[in-house]
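# An overview of the molecular structure
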Amino acid sequence: MPVIYEPKGRAREYSPLALNLYNGCSHGCKYCYAPGIMHKKREDYVYAKPRKNIVNLVKADMLKFAGDPRPILLCFSCDPYQPAEEEHGITRQVLEVLGEHGCKVSVLTKAGPLVYRDFDLLLKYDVELGITLLFSDDACRQRWEPNATTVSDRMTMLLHAHRENIRTWISIEPVFYPVQAISIVKECAPFTDCFKVGKLNHMPHIERNINWEKFVEDVVLALMTTERHYYIKNDLWKFASEDVRMQYKKEV
Ligand code: SF4
């Protein structure tokens, strides 16, 4: 059974192909949708293990996906650089397999120090390295992403990756605090090649307190100033006023 798959719905906007390497994710983000999708209790989902036989299954998938020009995202339902990776080294092995078969890969993580281990492979196979960054204030990060690395660890890691000529991107989704999201754009632009921004969903008690129309205008203006690539996800762009749509693009 293939382990590389075509995501559906909102996830498809991030990547045409994806691959999940671990069952579970120890970061324990309070807004994580993965436990619900996997029919697991949130408190159990933090115990992460490599998917059974995953490296050999990826090798088998190369019959179909070798040389496929569509990017493969690692990962949607786990973090490829969560602490379990230090013991198992699955992400490193899979990067070798994908790279040797000419696959385009994009990594998304909330980790910091462990990623340095693989800078050689990210560079060798031209892998795009992304971090999720929702909060500029680490107290907010601690509240919502209790076991993930700190804001400054993630930023520092991305800065070093950029200096090593690794392509970098930041996912700002889901947005909880518009002011912090815009601050991330401004602070990280010097070492980030692309930003992807999406709104908060499934938390109506917080969503209704955010002026999304104002936020989409503010964030597009901030992004335009950086002169970096960006992508505004559909569920956020639908709040853009006619004026904003006339003057700016959803994707650059
Ligand atoms: S890093 Fe991603 S998969 Fe892991 S707990 Fe957080 S939101 Fe869920």
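The structure reproduced in this document is the subject of the present report.

Cut-offs used in this document
- Residues numbered from 1 in each chain as written.
- Predicted model: local features only at pLDDT ≥ 70, side-chain atom pairs only at ≥ 80, totals over all residues.
- Pairing = 2+ DSSP bridges.
- Helix = DSSP H or I, 4+ residues; strand = E, 2+ residues; numbered from the N terminus.
- Buried ≥ 20, exposed ≤ 12 C-beta atoms within 10 Å, placed from the backbone.
- Arc of directions from axis to C-beta.
- Contact = placed C-beta atoms within 7 Å.
- Axes fitted to C-alpha atoms, helices over the stretch in contact; angles between N-to-C directions.
- Parallel < 35°, antiparallel > 145°, perpendicular 65-115°, else oblique.
- Left-handed = near helix turned anticlockwise from the far one by under 90°.
- Nonpolar A, V, L, I, M, F, W, Y, C, P; charged D, E, K, R; others polar.
- Near = placed C-beta within 6 Å.

The subject of this paragraph is the sheet that holds strand β6 (residues 128-132). Working definition: the strands of a sheet are paired by backbone hydrogen bonds and lie parallel or antiparallel to each other. Read across the sheet, seven strands follow the order β1-β4-β5-β6-β7-β8-β9 without closing on themselves; strand pairing throughout is parallel. The sheet is open, and its two edges are formed by β1 (17-18) and β9 (229-232), each paired on a single side.

Turning our attention to helix α10 (residues 178-188). Every buried residue belonging to α10 is among Ala181, Ile182, Ile184, Val185 and Cys188, and all of these are buried. An end-on view of α10 places all buried positions within 150 degrees of arc, on one side of the element. Structurally, α10 contributes buried residues whose contacts are with α9 (151-163), β7 (168-175), β8 (194-199) and α12 (212-226).

The description of two helices packed together rests on the angle between their axes and the distance between the axes. The geometry of helix α3 (residues 54-65) relative to helix α5 (residues 90-100) is characterised by a closest axis approach of 10 Å and an angle of 15 degrees between their N-to-C directions. Classified by the interaxial angle, the pair formed by α3 and α5 is roughly parallel. Crossing angle aside, the handedness with which α3 passes α5 is right-handed. Between α3 and α5, the contacting residues are Ile54, Val55, Val58, Lys59 and Met62 on the first element and Ile90, Gln93, Val94 and Val97 on the second. Classifying every residue of the contact of α3 with α5 gives seven nonpolar, one polar and one charged.

Once that is clear, we can look at unusual backbone geometry. Put simply, leucine 74 and cysteine 75 share a cis peptide bond, and its omega is -5 degrees. Note on placement: cysteine 75 falls in the loop between β4 (72-74) and α4 (84-88). In this chain, glutamate 173 is followed by proline 174 through a cis amide linkage whose omega measures 5 degrees. With a phi angle near 60 degrees, histidine 39 is a residue other than glycine that sits in the positive phi range. Positionally, histidine 39 belongs in the loop between α1 (34-37) and α2 (42-45). Of the residues examined, histidine 39 has 6 C-beta atoms within 10 Å and is grouped as exposed. Backbone geometry at asparagine 165 places phi at a positive 70 degrees, although glycine is not the residue there. Here asparagine 165 shows up in the loop between α9 and β7. By C-beta crowding, asparagine 165 is classed as exposed, having 11 other C-beta atoms within 10 Å.

All residues in the neighbourhood of the ligand are listed as Cys25, His27, Gly28, Cys29, Cys32, Ala34, Ser77, Cys78, Asp79 and Lys110. Across the shell around the ligand, the residue classes tally to five nonpolar, three polar and two charged.

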